[in-house]
Amino acid sequence: MMFWYGIDLRWAYADLLPSIYRQTTCKHSAYDILHDALVRFALSNNASRQENPHAYLRTITQHLVVDGFKQRSRFVSVFDANSNHTETNNGIEDLQNLDSIPSAEHLLDIKQRLQIVQSIMDKLPAKCKQVFWLYRIESMPQDEIATVMNISKNMVQRHMMRAMLDFMEARDLIS
């Protein structure tokens, strides 16, 4: 078994990923949601994370799926009723074509990348980490972050620059 922060990565890719895909009907969105959920899981301080990690990760993915639906509902589809665009069995064929369970090497690679991201986050100063989290993970606007943290918008931008520079320096390790 390949465990990372108490999560069986084989379970995440064999069970959770297809579940996400059935809800999104897009392979790329499903992968994005799973990877975002794994990052949020790793960075969470919630006690539920240790008590029942799989349930907690599943909850995070459900929130991300709902958020995605809400965000997409604000946009009009470029395909209309007269379009040649057709769904294939509501995406069932794509599910069968979904890459099978990733190899142990691929899971190990993902685990190592996530650990690098976590170590970078752990080394950031507390306020810098909080600004980065609110902006990049919670998608909070910079002016709202400044208000919540009682700092200037300029300081929010400086903290973001610091975090991004740290991640850019480690880019070679991550990719």
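Residues numbered from 1 in each chain as written. Predicted model: local features only at pLDDT ≥ 70, side-chain atom pairs only at ≥ 80, totals over all residues. Heavy atoms only, no water.

**Student:** Could you clarify how one ought to interpret helix H1 (residues 9–24) in this entry?
**Tutor:** Since the α-helix advances by 3.6 residues per turn, residues separated by three or four positions end up pointing in the same direction. Most pronounced at Leu16, the bend in H1 amounts to some 35°, and the proline Pro18 follows within four residues. Taken together, the buried positions of H1 are occupied by Leu9, Trp11, Ala12, Tyr13, Leu16, Leu17, Pro18, Ser19, Ile20, Tyr21 and Thr24. The backbone nitrogen of Arg10 lies 3.0 Å from a side-chain oxygen of the residue at the head of H1, namely Asp8. Remark: Thr25 follows H1 within two positions and exhibits a positive phi of approximately 55°. (Bend = angle between axes of the 7 residues up to and from the residue. Helix = DSSP H or I, 4+ residues; strand = E, 2+ residues; numbered from the N terminus. Buried < 20%, exposed > 50% of the residue type's maximum accessible area, 1.4 Å probe, protein only. Polar contact = N/O pair within 3.5 Å; in protein donor to acceptor, adjacent residues only side chain to side chain.)

**Student:** Would you mind going over the pattern of salt bridges with me for this structure?
**Tutor:** Opposite charge on two side chains permits pairing when their charged atoms draw close. Under the definition given, this model contains three salt bridges. Put simply, Asp109 and Arg113 hold a salt bridge, and the shortest N to O gap is 3.1 Å. One end of the pair, Asp109, and the other, Arg113, are both in helix H6 (residues 104–123), four residues apart, so they sit about a helical turn from each other. (Salt bridge = Lys/Arg side-chain N within 4 Å of Asp/Glu carboxyl O.)

**Student:** Looking at this structure, I do not really get the packing of aromatic side chains. What am I missing?
**Tutor:** We describe a pair of aromatic rings using the distance from one ring centre to the other and the angle between the two ring planes. Tallied over the full model, the rule gives three aromatic pairs. Taking 6.4 Å as the distance between ring centres and 45° as the angle between the ring planes, the aromatic pair formed by Tyr13 and Tyr31 counts as tilted. Separated by 18 residues along the polypeptide, Tyr13 in helix H1 and Tyr31 in helix H2 (residues 27–43) bring together distant segments of the chain. Of the two residues, Tyr13 and Tyr31, neither departs from the other in class, the shared state being buried. Here Phe132 and Phe167 contribute two aromatic rings whose centre-to-centre distance is 5.0 Å and whose plane-to-plane angle is 20°, an arrangement assigned as stacked. Remark: Phe167 occurs in helix H9 (residues 153–169) and Phe132 occurs in helix H7 (residues 126–137); sequence separation between them is 35 residues. (Phe/Tyr/Trp six-rings, centres within 6.5 Å; stacked < 30°, edge-to-face > 60°.)

**Student:** Sorry, what's going on with the nonpolar core here?
**Tutor:** Soluble globular proteins tend to bury their nonpolar side chains together. Membership of the largest hydrophobic core comes to 27 residues, with the highest contact counts inside it found for Ile7, Leu9, Tyr13, Ile20, Leu34, Leu38 and Leu57. Contributions of two or more residues to this core are made by H1, H2, helix H4 (53–72) and H6. For Leu38, the contacting residues outside a window of four places in its chain are Trp4, Ile7, Leu9, Leu57 and Leu114. If you look at the next biggest cluster of nonpolar residues, it comprises 22 residues, including Ile120, Trp133, Val156 and Ala163. (Core = buried A, V, L, I, M, F, W, Y, C linked by side-chain atoms within 4.5 Å. Contact = heavy atoms within 4.5 Å.)

**Student:** Whenever I open this one, H4 confuses me. Can you help?
**Tutor:** Over its 20 residues, H4 extends 28 Å from the first C-alpha to the last, a length consistent with the 28 Å expected when each residue adds 1.5 Å. Among the residues of H4, Pro53, Tyr56, Leu57, Ile60, Thr61, Leu64, Val65 and Gly68 are the ones counted as buried. Where H4 is buried, its residues touch strand S2 (7–8), H1, H2 and helix H3 (48–51). (Expected span 1.5 Å × (residues − 1).)

**Student:** Quick question: what am I supposed to make of the side chain of Thr24 here?
**Tutor:** Summarising the element assignment, Thr24 is placed in helix H1. Not counting residues within four places of it along the chain, the set of residues in contact with Thr24 comprises Ser29, Ala30, Ile33 and Val65.

**Student:** Please clarify how the packing of H2 against H4 should be interpreted in this entry.
**Tutor:** Working note: a packed helix pair is described by the angle between its axes plus the distance between those axes. It is at 9 Å that the axes of H2 and H4 come closest, and there the two elements cross at 125°. In terms of orientation, H2 and H4 fall into the oblique class. Considering how the two elements wind past one another, H2 and H4 form a crossing that is right-handed. For the pair H2 and H4, the contacting residues are Ile33, Asp36, Ala37, Leu38, Arg40 and Phe41 in the first and Pro53, Tyr56, Leu57, Ile60, Thr61, Leu64 and Val65 in the second. Of the residues belonging to the contact of H2 with H4, the class tally is 10 nonpolar, one polar and two charged. (Axes fitted to C-alpha atoms, helices over the stretch in contact; angles between N-to-C directions. Parallel < 35°, antiparallel > 145°, perpendicular 65-115°, else oblique. Left-handed = near helix turned anticlockwise from the far one by under 90°. Nonpolar A, V, L, I, M, F, W, Y, C, P; charged D, E, K, R; others polar.)

These figures come from the coordinates and say nothing about function on their own.
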